[in-house]
Amino acid sequence: MKILLPFLGVIGIVLVAFVGVGLLNLQYLFGVIIPYTAFAVFLAGVVLRILKWGRSAVPFCIPTTVGQQKSFPWIKRNRFDNPSNNFEVIVRMALEVLLFRSLFSNTSTALKEDERRLVHQSSKWLWLGGLAFHWSFFIVLLRHFRLFMDPVPASLYLVESMDGFVQLGVPVLYWTGLILLISVTYLFIRRVVITNVRYISLPNDHFPLLLVLFIALTGLIMRYVLKVNVISVKAFTVGLFSLKPNLTQDLGLIFYIHLLLVSVLLAYFPFSKLMHSAGVFLSPTRNMPNNSRRIRHINPWNYPVKVHTYEEYENDFRDKMKTVGLPLEKE
Amino acid sequence: MPDKSKIFFLLVIFLVIVTSPFIYNMVRTPAGVVVKLNTPVIDNMTVKQCILPKEQMIHDHMKILNSWRDDVVRGNHREFGKIDGVMYEKSLQLTCLHCHSNKSEFCDRCHTYASVSVYCWDCHVAQKENKL
């Protein structure tokens, strides 16, 4: 049920586009109203959520550290696993965001040698799959800008020529599209096949994977199988991105299915785990230097507390303490 | 820089990136695409027709050219067929570019518009165009 529900959801989206455009001819709804609404929901949702997160207090200095912190000069320290200043935090964060460094140290635990010995072994498949997925998705998204912008910026040609160096039929094969489909399929199968991962997976873990899987699939079908009229598609998308939507173009049904899937992804984004893209930057466990022994980290929640120091206590009760013979700091 | 202004700074960068296609199209004003068909050969045709109907040519020209290449290079099948008694050859330069002699105003217009990289010209040499 946890897998069936998101699967039916994605199939439902495809069917809605199929019926809405193919049978009911609601081109304006599916081509203009829904994409614009989804984009507005995406923008507002992400901004509001980040502002909400930005308002929350960070009461403690809690960076996660997996290396020796800065100490005496003769003790070798681990700069990027235990950053002591902002520069090291930025390097650590960049390695995390761009290369998923913490996933690289992922381990799996298994019983080996007739189940007598517990072995922790390096497990890099999730890291590799995740990296392939995120980077190929990023480049696929970047390549889409050729359909959003008119004239096409020169820098995009470089991305395309590097991505499309394999001439396999027409049009040229873009590696990233294929890698995206393979890696998202791997990430989905991984969730289903590994029993303990399946057990902790929820519908909202499966749904984005399936959604992206179908987006990649419809995109590849459009490009390599059905070969939609790219000139019409571009005229339409440029229309959307210059706030002058025109629907006179002959866009295939498959394009509307792709568009609706993307719209759902955009609208779903701010309310889902996909917000990890902003959350990774706002994690106190990653964006703080481990300097709690050098710099006092004051809890912003602190309110002025009325304190009564020992010195004042002794001043108040000196005579009485003296009479019963208690030791005093000041006579 | 205090944490709040850092977050605000990154948020502004995010918004600029996400809305960049809108900003770009506002600054650069999209020109769209117009294909020119008035070459001397086409102008002299009594019945203006391509080897297949226009819609099919728009949709399938890349598939046709790709299969022509395989037919000619690998199979030595050069004849496309007769239209009105005239034999048409499976040839980019002798058939397509015979009429559409204006590559820069015909082929290139759409391909540049949608940033489609064609690899016809990896092997073929585009013939010199006479400026109209």
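For the structure, check the block above.
Only a predicted model underlies this, so the values are computations on that prediction, with no experimental measurement involved.

Colleague: Looking at this structure, how should I read the overall build of chain B?
Modeller: Counting its regular elements, chain B contains six helices and two strands. Reading chain B from its N end, one meets helices and strands in the order α-α-α-α-β-β-α-α. For the C-alpha atoms alone, the extent of chain B along its principal axes is close to 80 × 35 × 30 Å. In chain B, which comprises 132 residues, the proportion classed as buried is 26%. Of all intrachain contacts in chain B linking residues separated by at least 6 positions in sequence, the fraction that spans at least 24 positions is 61%. Accessible surface, chain B: about 9,100 Å² in total, of which carbon and sulfur atoms supply 61%. Across chain B, 16 positive and 13 negative side-chain charges occur, with their mean positions spaced 6 Å apart.

Colleague: Whenever I open this one, helix α5 (residues 92-99) of chain B confuses me. Can you help?
Modeller: Every α-helical turn comprises 3.6 residues, leaving residues that sit three or four positions apart pointing alike. Residues and elements named next belong to chain B. Within α5, burial applies to L92, T95, L97 and C99. Each element contacted by the buried residues of α5 is listed here: α3 (40-43), α4 (54-75) and β2 (86-89). At the N-terminal boundary of α5, the capping side chain belongs to S91, with an oxygen 3.4 Å from the backbone nitrogen of Q93.

Colleague: Sorry, what's going on with the environment of I83 of chain B here?
Modeller: Residues and elements named next belong to chain B. In this structure, I83 sits in strand β1 (residues 79-83). Placed 40 residues apart in sequence, I83 and D43 show a C-alpha to C-alpha distance of 18 Å. The residues touching I83, leaving out its near neighbours within four places in the chain, are Q49, I51 and Y88.

Colleague: Sorry if this is basic, but what is going on with the environment of L141 of chain A here?
Modeller: Of note, L141 of chain A is situated in helix α5 (residues 125-148). In this structure, the C-alpha to C-alpha distance between L141 of chain A and G177 of chain A, residues 36 residues apart in sequence, is 9.9 Å.

Colleague: Sorry, what's going on with the nonpolar core here?
Modeller: Most often, soluble globular proteins keep nonpolar side chains buried together rather than apart. If you look at the biggest cluster of nonpolar residues, it comprises 60 residues, and the most contacted ones within it are V10, I50, L211, F255 and L261 of chain A. Not counting chain neighbours up to four residues away, the residues in contact with V10 of chain A comprise F207, L210, L211, F214 and L261 of chain A.

Colleague: When you look at the packing of aromatic side chains in this model, what are you seeing that I'm missing?
Modeller: To describe a pair of aromatic rings, one takes the distance between the centres and the angle between the planes. Under the criterion given, the structure shown has 18 aromatic pairs over all chains. Between F145 of chain A and F148 of chain A, the aromatic rings sit 5.3 Å apart at their centres with planes inclined by 55 degrees, giving tilted as the arrangement. A residue pair is termed a helical-turn pair when its members lie 3 or 4 positions apart in one helix, as F145 of chain A and F148 of chain A do in helix α5 at three residues. Owing to a relative accessible area of 15%, F148 of chain A belongs among the buried residues under this scheme. With a centroid separation of 4.9 Å and an interplanar angle of 80 degrees, the aromatic rings of F207 of chain A and Y268 of chain A are classed as edge-to-face. One end of the pair, F207 of chain A, is in helix α9 (residues 203-225); the other, Y268 of chain A, is in helix α11 (residues 253-268), and 61 residues separate them in sequence. According to the relative accessible area criterion, F207 of chain A is buried, its value standing at 14%. An aromatic cluster is defined as three or more aromatic residues linked by ring pairs; in this entry it consists of F39, F42, F145, F148, F241 and F269 of chain A together with F14 and F22 of chain B.

Colleague: I tried to follow the environment of H124 of chain B on my own but got confused; where do I start?
Modeller: Residue and element names in this part refer to chain B. Looking at the secondary structure, you find H124 in the segment after α6 (107-113). Spatially, the C-alpha atoms of H124 and L37 are 21 Å apart, while their sequence positions differ by 87 residues. Sequence-distant contacts of H124, defined by excluding residues within four places in its chain, comprise L92 and Q93. Separated by 3.0 Å, the side chains of H124 and Q93 make a polar contact.

Quick notes on the rules
- Residues numbered from 1 in each chain as written.
- Chains lettered and ligands numbered in written order.
- Predicted model: local features only at pLDDT ≥ 70, side-chain atom pairs only at ≥ 80, totals over all residues.
- Heavy atoms only, no water.
- Helix = DSSP H or I, 4+ residues; strand = E, 2+ residues; numbered from the N terminus.
- Buried < 20%, exposed > 50% of the residue type's maximum accessible area, 1.4 Å probe, protein only.
- Contact = heavy atoms within 4.5 Å.
- Areas by Shrake-Rupley, 256 points an atom, 1.4 Å probe, with all protein chains shown as cover.
- Lys, Arg positive; Asp, Glu negative; His and termini not counted.
- Charge placed at Lys NZ, Arg CZ, Asp CG, Glu CD.
- Polar contact = N/O pair within 3.5 Å; in protein donor to acceptor, adjacent residues only side chain to side chain.
- Core = buried A, V, L, I, M, F, W, Y, C linked by side-chain atoms within 4.5 Å.
- Phe/Tyr/Trp six-rings, centres within 6.5 Å; stacked < 30°, edge-to-face > 60°.

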